[in-house]
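Each chain, written out:
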Amino acid sequence: MSIKDKNNNKNSRRNFIKQGALASSIFIVPRHVLGGPGFISPSDRLAIAAIGAGGKGASDIKNASVNGREKVVALCDVDFSGSAKSSVKRFPKAKLFADYREMLDKKKNIDAVTISTPDHVHGPAAKYAMERGIDVYVQKPMTHNIREARILTEMAREKKIVTQMGNQGGSNPYLDIVQKWIDEDKIGAVSKVQVWTNRPVWPQGGPFPTPDLSAKPSALNWNLWLGPSPTIPYTPNLHPFSWRGWWDYGTGALGDVGCHLIDIPFRTLGLKYPTDAECSVGAVYSDMWTADYNPDGCPASSFITLHFDATEKSKSKIELTWSDGGIRPSHPDIIPADHDIGGKDSANGVLIIGEKGIISTNINDSSPLMPKLYLNDGTTDFGPEVENFDEPEYGHQRLWVDACKAGFGSEEHLGLTSSFDYAGPMTETVLMGNLAIRSYLLRRENEEKKMEFFGRKKLLWDGENMRITNFEEANQFVGRTYRKGFEV
C-alpha cells in the first residue's frame, strides 16, 4: 500500500480507534497508529513516478528513490528508446507511460513525481500533478515563463503540496560559507553583482531547423513532446537536448544555468523581485550591414542588467548583471591576476562586490563551489576547492523525499532550500532576463517601410502584479499560449 492509500484510510482508522476506546476504560493510542497530520512512518515507502525518465530525469528519479528505500511505481517518457532505457532497467517493476496525464489519472497510488522534461512541459505537468494532490520535484527553471511560476507557487501553498526545484546547488553545504561572509558583513554594503556563463554550449542564434519527417525516431511520440507548443512537423535537432535555444521549448542560457548562478546572490542577499530589466544581445552578420534576425530563438550571446531594492541583508540597492555566450566581466584589481574568477578557467561564476571586498564563487550545479573572499586590505579566506560529499547532488532529491513523508509544514519541508516559496520568485527573476531579450528583438515596419526595433529600452517591472509598466508590448512574454490539453 502506498502512502497516499494509507492517508485515504486515516479517517476510517480513526473512527475504528475512537469506537474501540468508548468501549474500554483505557484510551492510550500511539501516534503512529493514529497517523497524525502529515506524519508518515519512516518505514513506509513513498510511491514515486518520473515524468521524463532519461537524461537529467534518470538521475533525478534514481536519487529520489534513495537507493531503493522508496518505491518507483511508474515512468513516463515520450521516447523510451533513448537515455530513458537506463531508468527502465533500474526500475523494472515500474509501469511505463508516454503521456503524463494518462499516468497520473490511471495510477492512483502515486504520492510524488519528479518532472525532468524540456522547460516547456514543466508548468503543465506540475500543475496537472498538483491538482491531484501529488508532491512535485521540478527541474530548473521551475517553469517556462513568469506567469506559470506565480501560478505554481500559489497553488503549492493553497493545496499544501511539498515542492522542490532541481537547482541542487542550493543544498550545497559550502553555500553556508558565502552566507556567513554576507551575514558577518565581511565585504560591507553590496552594490553590484556580476554573473556570467560560457553557455550556450548547444546550437543557438541561427535559423530554426528544417522539418524532416523521415528522421523521426520510430519510438518518439512527437505530439506529446511538443506538449503546449504549436503543432509542427517533426524537426531534427530539437529532441533530446538542443531544444534549449528555441523560445517555444527552452529558455536559453538563463534557463539552463541561471537558476544555479543567480541562486547564489538571490539566496545569500535575500533579494526579491527586480524593479527593472534591460539588455543587449550579440549580433551575427551573414551579410554586409544587415544582422541576422531569428526571433524564434535565443541569441548567441546577451548582456542583462537587473536592479533590486535594498533588503535586510543587502542594505542598499543592488545592480546585477548577467552575461552569456562566453562574455565575462573584467578581472577585479584585488583578485590576483593568476587567480581564476568564479570557477575553473573563469568560464562560469559570480562576483558579489561590496564596499570592503569581493566574494567569488563558481556555478553551484554540482561543480565545486570554490567560495573565495578577497578584502581590500589584502585579507583572504578560501573555502574548499574540492567537494567530497556522501550523497549525489548534496541530497537535494532525498531531502525533498523526506519532506514529502514528513508532510507539508513539517520541519523537513520548511528546511528545503528550493521549495516553490523560494524557487518561484527566484525563477521569475531569472526569466525577467528572457523577457528583456524578447522585447529587445521586437521589430516592425515604420513609415519609411524600413524595419525598426521598438522594444530596446529599460523595462520597469511591477513584480507583485507581474507587469511591465512602461512598455505594454513586453507583457505578451510574461506568459504564453497553449495547445488544448496542456494549459496552465
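An account of the accompanying structure is given in this report. (Residues numbered from 1 in each chain as written. Predicted model: local features only at pLDDT ≥ 70, side-chain atom pairs only at ≥ 80, totals over all residues. Heavy atoms only, no water.)

Tracing the sequence through the fold places Ala149 in helix 8 (residues 146-159). With 275 residues separating them along the chain, Ala149 and Gly424 place their C-alpha atoms 5.3 Å apart. Residue contacts for Ala149: discarding those within four places in its chain leaves Met142, Thr143, Gly424, Thr427 and Glu428. (Helix = DSSP H or I, 4+ residues; strand = E, 2+ residues; numbered from the N terminus. Contact = heavy atoms within 4.5 Å.)

Read from one edge to the other, the open sheet built from 10 strands follows the order 14-13-12-11-7-10-9-8-17-18, with strand pairing classed as mixed. Because the sheet does not close on itself, it has two edges, and the strands there are strand 14 (380-382) and strand 18 (467-468). Bridge count for strand 13 (residues 372-375) against strand 14 is three bridges, and the pairing is antiparallel. Across the sheet, the residue bridging to Lys372 is Phe382, located in strand 14. Of the strands in this sheet, strand 7 (190-196), strand 11 (349-354), strand 12 (357-361), strand 13 and strand 14 touch helix 9 (residues 175-183), which is tilted by about 165° from strand 12. Against the sheet, helix 15 (residues 420-440) contacts strand 8 (276-281), strand 9 (302-308), strand 17 (459-462) and strand 18, and its axis sits at roughly 55° relative to strand 8. (Pairing = 2+ DSSP bridges. Axes fitted to C-alpha atoms, helices over the stretch in contact; angles between N-to-C directions.)

Now for helix 13 (residues 396-406). Burial analysis of helix 13 places eight of its 11 residues in the buried class, which makes it a mostly covered element. Turning to helix 13, its buried residues are His396, Gln397, Trp400, Val401, Asp402, Ala403, Cys404 and Lys405. Gly407 occupies a position one or two residues after helix 13 and carries a positive phi of about 105°. (Buried < 20%, exposed > 50% of the residue type's maximum accessible area, 1.4 Å probe, protein only.)

Backbone-to-backbone hydrogen bonds pair the strands of a sheet. The strands run either parallel or antiparallel. As summarised here, the arrangement of the six strands in space is 3-2-1-4-5-6, forming an open sheet in which the pairing is parallel. Looking at the sheet topology across the chains shown, the edges are occupied by strand 3 (95-97) and strand 6 (163-165). Averaged over all pairs of adjacent strands, the angle between strand axes in this sheet comes to 20°, irrespective of strand direction. Sheet topology note: the strand 1 (residues 47-51)/strand 2 (residues 71-76) ladder contains five bridges and is parallel. The residue bridging Ala50 from the neighbouring strand is Leu75, located in strand 2.

Moving on, we come to the nonpolar core. In terms of nonpolar packing, the biggest core is built from 101 residues, with Leu104, Val113, Ile352 and Leu435 touching the most fellow members. By residue number, the principal contributor to this core is helix 15, which donates 11 residues. Ignoring any residue separated from it by four or fewer positions in sequence, one finds Leu435 in contact with Ile146, Leu459, Trp461, Ile468, Ala474, Phe477 and Val478. (Core = buried A, V, L, I, M, F, W, Y, C linked by side-chain atoms within 4.5 Å.)

Moving on, we get to the pattern of salt bridges. Following the criterion strictly, the structure yields 27 salt bridges and no others. Glu393 is paired through a salt bridge with Lys56; the nearest N and O atoms lie 3.0 Å apart. Here Glu393 is found in the loop between strand 14 and helix 13, whereas its partner Lys56 is found in helix 4 (residues 56-64), with 337 residues between them in sequence. A relative accessible area of 29% places Lys56 in the partly exposed class. One salt bridge in this structure joins Lys127 and Glu131, with 2.5 Å as the shortest N-O distance. (Salt bridge = Lys/Arg side-chain N within 4 Å of Asp/Glu carboxyl O.)

What follows is about the packing of helix 7 (residues 119-131) against helix 8. The N-to-C vectors of helix 7 and helix 8 enclose an angle of 15°; their axes lie 11 Å apart at closest approach. The angle between helix 7 and helix 8 falls in the class roughly parallel. Like other packed secondary-structure pairs, helix 7 and helix 8 cross with a definite hand, here left-handed. Side by side, helix 7 and helix 8 meet where Gly123, Pro124, Ala126, Lys127, Met130 and Glu131 of the first sit next to Glu148, Leu152, Met155, Ala156 and Lys159 of the second. Looking at side-chain class alone, the contact of helix 7 with helix 8 contains six nonpolar, one polar and four charged residues. (Parallel < 35°, antiparallel > 145°, perpendicular 65-115°, else oblique. Left-handed = near helix turned anticlockwise from the far one by under 90°. Nonpolar A, V, L, I, M, F, W, Y, C, P; charged D, E, K, R; others polar.)

Attention now moves to empty space enclosed by the protein. Enumeration over the complete set of coordinates arrives at four cavities of 30 Å³ or more. A volume near 130 Å³ is recorded for the largest cavity. Lining the largest cavity we find His144, Asn145, Ile146, Trp247, Gly250, Thr251, Leu431, Asn434, Leu435, Arg438, Phe477 and Gly479. When residues in the lining of the largest cavity are grouped by element, the largest group, four residues, is from helix 15. (1 Å grid on protein atoms, 1.4 Å probe; cavity = no way out; pocket = protein on both sides within 12 Å on 5 of 7 lines; lining within 4 Å. Points joined across faces, edges and corners; volume = space filled by probe spheres on them.)

Backbone torsion omega between Arg199 and Pro200 reads 10°, so that peptide bond is classified as cis. Mapped onto the fold, Pro200 is located in the loop between strand 7 and helix 10 (222-226). Along the chain, His239 connects to Pro240 via a cis peptide bond; the corresponding omega equals 10°. Structurally, Pro240 is set in the loop between helix 10 and helix 11 (252-261).

We now examine the environment of Ser346. Along the polypeptide, Ser346 turns up in the loop between strand 10 (318-323) and strand 11. Separated by 279 residues in sequence, Ser346 and Asn67 place their C-alpha atoms 35 Å apart. Setting aside residues no more than four positions away along its own chain, Ser346 makes contact with Trp196, Arg328, Asp340 and Ile341.

Read these as spatial facts, not as claims about activity.
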